[in-house]
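# Residue-level structural notes
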Amino acid sequence: MDSGFDDPDYDYAASIAGRAMRSMAEQQIPPTPTNFAIWFQYFAGSHDDLRNAVDLLIDHNRPFDTRTNQDLFETYVAPQVSAVVVTSERLHALMGTAKEFLATAIADNHSQIKAISEVADQGKAGVDPKALVAQLMNELARAATRATRLEAGFAEKTRELDVIRDSLSRSEERARTDTLTGLANRRALDEFLRKAQTTADWGEPLSVLLLDIDHFKTFNDSFGHGVGDQVLRLMAKVLREKVREQDLPARYGGEELIAVLPDADLATCTEIAERIRCAIAECTITRRSTGETLPGISVSIGVAQYRAGESVTDLIERCDRALYLAKGGGRNRVVTEIELDRAGAAG
């Protein structure tokens, strides 16, 4: 996978940065910006080739000296940065060429009009019609040749523009995607929620489910962050597969995942949440390096439905409280805002 830096939430970015700095200290790597970029991407899990290269160096007890660090940066990190610069430079060059083409086309048009006008004036002066026709045909042939040449140039630049457009589209997609899980990030989530809220205020149902991995810190401490990242990717895969096509699964922060379900009432969202919980409970997790089967993972899920006129913050806060009621009730369960209201009444 080849992804650049996206715009992660603060807690997640701080966690990745802390792990990067600790590993750099263990390897006695100077905390320069370029070195930090290498290790941040390594722990973000956004670049498989970089991760494999670093793992290989660690496995063979190779020192991370100045040359090695520079090679890692130039091979795996710098190309992502330079790609943006190259795209910008190509776009400016293309715009310059397009302006030249247009200026040439305008100049040719003026020349053609002038030449035809001269032919017309000669016709009024009694010049031999055969000579006028021949002159006019020659001028039209030259105009056709120039037009063909310009058309070919425009076609070539149009193809280049399509390549740049696709590159920018991919960059925009990366900017809206969480690097570790491949789900939508907070930026994409906020945009989707704003649009969904507008529709919901007109009467369409809107529900949200918030998912948290049970005992994830203990799991990380026992088996390592690399295995923990593997688990997060697995949870993301299950979430993506179980929600509907029109829904948005996203990473909310840390080990919390979220799904926004437009045109879904509380009952529908609860049913989907239960399918997600069951699918995750049935997953088998294997440590890639050893083939060892690890203890199963469960999740707790909170579900809430949008109430017309409320803020998105209130909706997610209510969903979050339902999630923690599920945690307090023994974990590995789905709790809705209805049970939250009951618990509040009982309290």
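The notes below deal with the structure included here. (Residues numbered from 1 in each chain as written. Predicted model: local features only at pLDDT ≥ 70, side-chain atom pairs only at ≥ 80, totals over all residues. Heavy atoms only, no water.)

Turning our eyes to something else, we now look at the packing of aromatic side chains. The geometry of an aromatic ring pair comes down to the distance between the two centres and the angle between the two planes. Here the structure, examined in full by the defined rule, presents 6 aromatic pairs. Measuring from ring centre to ring centre gives 6.2 Å for Trp-39 and Phe-43, while their planes differ by 35°; the resulting arrangement is tilted. Residue Trp-39 and its partner Phe-43 are both found in helix 2 (residues 33-44); the two are separated by 4 residues, about one turn of the helix. Of the residues examined, Trp-39 reaches a relative accessible area of 2% and is grouped as buried. We classify Phe-43 as buried; its relative accessible area is 11%. Ring centres 4.9 Å apart and planes at 50° place the aromatic pair Phe-219 and Phe-223 in the tilted group. Placement of both Phe-219 and Phe-223 in helix 7 (residues 216-223) is noted, with a separation of 4 residues, approximately one turn of the helix. (Phe/Tyr/Trp six-rings, centres within 6.5 Å; stacked < 30°, edge-to-face > 60°. Helix = DSSP H or I, 4+ residues; strand = E, 2+ residues; numbered from the N terminus. Buried < 20%, exposed > 50% of the residue type's maximum accessible area, 1.4 Å probe, protein only.)

Attention now moves to the pattern of salt bridges. Taken as a whole and assessed by the stated rule, the structure comprises 15 salt bridges. Close ionic contact of Asp-247 with Arg-244 constitutes a salt bridge, the shortest N to O distance being 2.7 Å. With a shortest N-O distance of 2.5 Å, Glu-274 and Arg-277 are connected by a salt bridge. Taken together, the residues span about one helical turn, with Glu-274 and Arg-277 both in helix 9 (residues 266-281) at a distance of 3 residues. Its relative accessible area of 31% is what places Glu-274 among the partly exposed residues. Given the relative accessible area of 14%, Arg-277 is considered buried. Through salt bridges that share partners, Arg-307, Glu-310, Arg-318 and Glu-337 make up one connected network. (Salt bridge = Lys/Arg side-chain N within 4 Å of Asp/Glu carboxyl O.)

Geometry only, nothing functional implied.
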